[in-house]
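This is what each chain is made of:
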Protein chains: 2
Amino acid sequence: METQLPLFYGLSFLTVVLAFAFAAYLYLWVKKQKTSNAKIEEVSQLIKEGANTFMRREYKVLAKFAAVAAVLILVFLPSPIWNGNFVDNISMAVAYIAGTVLSAIAGKIGILVATLSNGRTAESAQKGLKPAFLIGFRGGAVMGLLVVGCSLLGVAAVLMITGNSSILLGFSFGASSLALFAKAGGGIFTKTADVSADLTGKVELGIPEDDPRNPAVIADNVGDNVGDVAGMGADLFDSNVAAMASALVIAQSLSGGAYNNISMVFCYAILGLFASIIGIATARVGKNGNPTHALNSSTYVTTAIFLVLTAIATAVFEGFSWRIWAASAVGLLVGVIIGITTDYFTDDTKPIVRKVAHASGSGPAFTILSGMSYGFISALPAMVGIAVSALVAYQICAPMGEGYAIFGISMAAVGMLSIVGMIISNDAYGPIVDNARGLAEMGGLGEETIRTADELDSAGNTVKAVTKGFSIGAAGLTVISLLGAFMSEANAALAAAGRELITGFDIMSPMVFFGVLIGAAIPAVFSAMLILGVDKNAQRMVQEIHRQFNTIKGLREGVEGVKPEYGKCIGIATSGALRELIPAGLMSIAATLVVGFIGGPLAIGGFLLGNIVSGLLIALFMSNSGGLWDNSKKYIESGEEGGKGSEAHKAAVIGDTVGDPFKDTAGPSINTQITVVSLVASLLSTLFVMFSIFH
Amino acid sequence: METQLPLFYGLSFLTVVLAFAFAAYLYLWVKKQKTSNAKIEEVSQLIKEGANTFMRREYKVLAKFAAVAAVLILVFLPSPIWNGNFVDNISMAVAYIAGTVLSAIAGKIGILVATLSNGRTAESAQKGLKPAFLIGFRGGAVMGLLVVGCSLLGVAAVLMITGNSSILLGFSFGASSLALFAKAGGGIFTKTADVSADLTGKVELGIPEDDPRNPAVIADNVGDNVGDVAGMGADLFDSNVAAMASALVIAQSLSGGAYNNISMVFCYAILGLFASIIGIATARVGKNGNPTHALNSSTYVTTAIFLVLTAIATAVFEGFSWRIWAASAVGLLVGVIIGITTDYFTDDTKPIVRKVAHASGSGPAFTILSGMSYGFISALPAMVGIAVSALVAYQICAPMGEGYAIFGISMAAVGMLSIVGMIISNDAYGPIVDNARGLAEMGGLGEETIRTADELDSAGNTVKAVTKGFSIGAAGLTVISLLGAFMSEANAALAAAGRELITGFDIMSPMVFFGVLIGAAIPAVFSAMLILGVDKNAQRMVQEIHRQFNTIKGLREGVEGVKPEYGKCIGIATSGALRELIPAGLMSIAATLVVGFIGGPLAIGGFLLGNIVSGLLIALFMSNSGGLWDNSKKYIESGEEGGKGSEAHKAAVIGDTVGDPFKDTAGPSINTQITVVSLVASLLSTLFVMFSIFH
């Protein structure tokens, strides 16, 4: 064992305590902010109840799934229990459950604080941008700190107790499988509500967004919380754990050399969390009062602090390599660059959004065609960025010895995700201020306050693009290193079976090629299933909204005291999401099993590659075109190209409706799908070696 | 040399003569059909002139491109001329020019006969389905016979004269590079006109398709010819040549063994052409009068004849292997299966089209979301089919010796394309009857005749889906074998340079992975550029149409004698297409050069894989979702879901407009893009080995 490792375990737990303490402080700070508006209080309560009901029902479904999975793991993983390795199987199953539970807790607490912050943000928006920004941001930061704290806690505890990094893959799979379904379920819920509310409200009736007459309006606000807060939290928890786990699996396989690689992984994770704490503590809207600027500059501050601290650590500690530092720095910088290029395609001060807005003047078909085209083009810089960072990290670390090249790539992913605490804070800020805007509208806080809330909201949208670039990039690098982890796991199993080892996955091998083609189709089918889920559900909800407008007297006219049946819409979104959240994820896992049990490790290697590549492409395409359409619509609403109510606006609303499930349901779920499939492959490598039809 | 080879050269030329003679007979048969309607004659003439003008201007641009390419080939390929291999360089340049010229001739004659057949088909539709079908089909068959005849002629001549199969890659590159630009140019032209005509005519004014008042109507009909006839002919000429060339390159590398592989490739090509001639000669609308049935059953007849004839040949000739026969049979059968699954997603008697039509009732966003989702899902069976056929062909032929596995895959592609003569006939039938429908409308031939023409047209649309599945599948298998061809070319260059040979393309190698990621992004960017070309152009044309309706008195009302300025619209489509046709293709070629000169052969291997996989995925997605939207619209127009003029219909028209450039511009061009990039890689392998920055 590395001599410094106990120190870093200790420091890990200490930093986690610090992060939790800081999160508790922020939570209490948000909680003590005054509330006074009874209407806001009431709606806020409705949102909270809706979100909690959905989460309770969702977790009930997921608990059953997790229980089945845990039993299967107990019996089969890492190798069939009849091979006699009880301890490993039990550890793996327990680690798996721990992964799911920590993920669920992070999501649950995120919802708690988000539903606490939204009303308070709305009310303080009456006093101006500065105080409202702080409440929204700090509410989001609670989630950020918790997610990163939980992942560091879990990873350190599992490795310290078992001493076996392979068990970490079980923990990571727990986090990922929950994230896969939570993201799918939350994503379907939120977009069902959002799409239905927009289509009936804005398009058919011409009433404003968040108008309390619209029966879907509460469901829409609930969706922001369960989809964007809880789902996104689970997603980044998963990415962060997967990045650390794959780095640690490789680090352990390298142990015994001159470098203290395991210590280094923990040290970087600790410093990343530490840098995020500083970034969060210092975030404020400056004198120019620009919230986008505030969010971005604290991201850059966190990045700089991380790079300096890790450089100091590399100089101070024994067995830390500058090459590894450079690899993680490359990862982090490329993450920033991907964020900036994403921003170019989705920011309404840049030409692309304006071109799509202009094309909308010729009708919705042009909105769709131009938005999709730019979405496809936007994938190029990010793909090149990931390709270059993997290549550079590999080349920097290859001279350190065999296996270090892949370790370098995994550390580039760790580097990219090091500031994830900051990223989640920015990301969770979005739905909180989005809710706050709705509450300001429903609470009748007046034009001025709504405008302030709008400004906060728009900053959330812009920053989202940057953070999505980060998380897709990091997922790309993580799964490359998981491919390495899969190969070493498969070779261990092959060696145990006395068979020839794999030296690589040659695309000229027909098995590998077979895997690549099928793997590439999976993200397409996966995202299609999620989108069809939203599509079907939203059609049902639109019908329910029409029914309410037609049968509830005075609702359409807004007669005092007449209320829509909000609960019905929440119910439709909930039951639809619960029905649709399992199939897509299960299909991806089943496809992995089919390919693995037919073609063995070589086919799976190809399958993972195909899955990663087409997954990244489709995820970038969907996230960016969705963001592009959203901002084109907002750009037109700001009075350009004919403004609200024009033909261009109608076309842009259709574009935005298409983009909603792209960017908030399918696109961001693909990350998790890729990670889950990679983990399943690694975990089942022994079984694939033992039982595949072809070898 | 194989002893039977002279015989097969002789038989090849004889079969080509037979095919050309039969084509001439069909041409004269079509020509002698009577015409009497002056109005149809006049419009037909306008279409012919428009098409010829465009083709002339397009070929002028392409001639310049080809001249530059030929000079570059002369200097640099297969290796720099200062290395002293003048003869090879001259042969390669001449073969390249021959490829471009034959491709251009096939396109030109296709246009000639298509513009001859359209009016005659319209007039004979007055007499019923049977005679009209025969004229439309035989017009298309002239193109089919010419394309296959030209490809067999060219390939046999080049190989017989030079004896060097590498020179075939130059011939194939000539065919592909012309196809790439012809397809892009024709595709942009046709969809610019189609989209503009639909949006202004059907949506804004509510006048029928092909109403002579619409200024874009002639341009739309011209587009059918230059896009679907000439472009598609160039595309399949290219696929056919590429499949034969890659099989022959591998066959020559295997020569000297027990098998007469080169003879076998020619024998199969001869029998494929022969089977197509029989299929064409016997195609007739049966008693039930169903043209779809007639087209499909002659495809199946051709398939069966081919399988029987090749089985006999395999039994009769020395050195022909049953394993190879089985591989090509697998290819052909999988092609048929891909066609059938494609049909499931795009046929309006099947549930998917109806689901999308139903979703349209909730608005255009649902049309788009559901159509896209099913488009993504539809890619899965075809990807699995290609994967399985490659795997099976490989496994069947691997026992024959080293190199035979890849030869098996290339023969699966040859098998899939063996009936290409029949496929092109079916495909070219489509735009001819589409034009005929327009002419029947404009010539005032009455409701009954228009209904007959509609029925013929609808059969063309359905069959198109099947033939597209074929051509995408064949392109997939061809480029897999081109990957093999690239490896052997690169190894020859590496051996000449005294460097270590490549044993494969391991995806764990960072260079390969780097190539994969960038290669995967290229088809996305390529298709986006083409779609944006259509998008921009159509916006311009819509403005022009509005101008004509606003300034030409009596046009909107249809006052007798008032004519729109058709030429203006043709001019916009032409100049737009010429401006946009070069950049996308050039981008793909440039990306190959950049990756190759940076990362060398390993990066290129990965690049080709990424390009193939994402190219297939995007091509299938775009072709199928486009077909799906088109048929959903037609299904609604047949009176379902509210029928013409309903909200569902409006939504479906938007879906169809989005789908138009998907299925007729970008989707089918991706095939060619993949082939061109693979050929460029093979041709430049020596240069990449000599000059790449990294090795």
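Residues numbered from 1 in each chain as written. Chains lettered and ligands numbered in written order. Predicted model: local features only at pLDDT ≥ 70, side-chain atom pairs only at ≥ 80, totals over all residues. Heavy atoms only, no water.

Attention shifts here to the interface of chain B and chain A. On the side of chain A, 69 residues touch chain B, which itself brings 69 residues to the contact. Between chain B and chain A, a total of about 6,200 Å² is buried, with carbon and sulfur atoms accounting for 87% of that surface. In this structure, the connection of chain B to chain A is made through zero salt bridges. Between the two partners, chain B and chain A, sit four residue pairs in polar contact (both at pLDDT 80 or more). Counting only elements with at least two residues in the side of chain B that touches chain A, the list comes to α5 (165-205), α10 (351-360), α11 (364-397), α14 (447-496), α15 (510-551), α16 (566-637) and α17 (647-683) of chain B. Per element, the largest residue contribution to the side of chain B that touches chain A is 20 residues, and it comes from α11 of chain B. In the side of chain B that touches chain A, the residues fall into 54 nonpolar, 13 polar and two charged. (Contact = heavy atoms within 4.5 Å. Buried area = accessible area lost by both parts, 1.4 Å probe. Salt bridge = Lys/Arg side-chain N within 4 Å of Asp/Glu carboxyl O. Polar contact = N/O pair within 3.5 Å; in protein donor to acceptor, adjacent residues only side chain to side chain. Helix = DSSP H or I, 4+ residues; strand = E, 2+ residues; numbered from the N terminus. Nonpolar A, V, L, I, M, F, W, Y, C, P; charged D, E, K, R; others polar.)

Turning our eyes to something else, we now look at a nonpolar patch on the surface. Residue and element names in this part refer to chain B. A surface patch of nonpolar side chains, amounting to about 610 Å² of accessible area, comprises Val-68, Leu-72, Phe-76, Trp-82, Met-690 and Phe-691. Going through the elements one at a time, α2 (38-76) and α18 (685-691) are the ones with two or more residues in the nonpolar patch. With three residues, the single largest contributor to the nonpolar patch is α2. Within the element layout of this structure, Leu-72 appears in helix α2. According to the relative accessible area criterion, Leu-72 is partly exposed, its value standing at 46%. (Patch = residues over 30% accessible without salt bridge, like charges linked within 9 Å, V, L, I, M, F, W, Y side chains within 5 Å. Areas by Shrake-Rupley, 256 points an atom, 1.4 Å probe, with all protein chains shown as cover. Buried < 20%, exposed > 50% of the residue type's maximum accessible area, 1.4 Å probe, protein only.)

With that settled, consider the relation of the copies chain B and chain A. Superposition record for chain B on chain A: RMSD 0.0 Å, screw rotation 180 degrees, translation along axis 0.0 Å. Here the copies are linked by what is in effect a two-fold axis. Judged by C-alpha distance, Asp-506 of chain B is the residue of chain B that lies nearest the rotation axis, at 2.1 Å. Take the interface residues of chain B: 100% of them recur as interface residues in chain A, which is what a same-surface contact looks like. (Least-squares fit on C-alpha atoms with pLDDT ≥ 70 in both.)

Moving on, we get to the environment of Leu-236 of chain B. Residue and element names in this part refer to chain B. Structurally, Leu-236 is set in helix α6 (residues 217-253). Residues Leu-236 and Ile-589, 353 residues apart in the sequence, show an inter-C-alpha distance of 20 Å. Setting aside residues no more than four positions away along its own chain, Leu-236 makes contact with Val-147, Val-420, Ile-423, Ile-424, Asp-427 and Ser-471.

Residues and elements named next belong to chain A. In this model, chain A carries an average pLDDT of 90, and 100% of its residues clear a pLDDT of 70 or more. Within chain A, no element has a lower average pLDDT than helix α14 (residues 447-496), which sits at 84, and none a higher one than helix α1 (residues 5-31), at 95. Across the interfaces of the predicted complex, the ipTM metric reaches 0.92, alongside a pTM of 0.94. (pLDDT = per-residue confidence, 0-100.)

Time to look at the packing of helix α8 (residues 291-316) of chain A against α14 of chain A. Residue and element names in this part refer to chain A. As a packed pair, α8 and α14 sit with axes 8 Å apart at the nearest point and diverge in direction by 35 degrees. Crossing handedness for the pair α8 and α14: right-handed. Between α8 and α14, the residues in contact are Pro-291, Thr-292, Leu-295 and Asn-296 and Glu-455, Leu-456, Ala-459, Thr-462, Val-463 and Val-466, respectively. Residues that form the contact of α8 with α14 fall into these classes: six nonpolar, three polar and one charged. (Axes fitted to C-alpha atoms, helices over the stretch in contact; angles between N-to-C directions. Left-handed = near helix turned anticlockwise from the far one by under 90°.)

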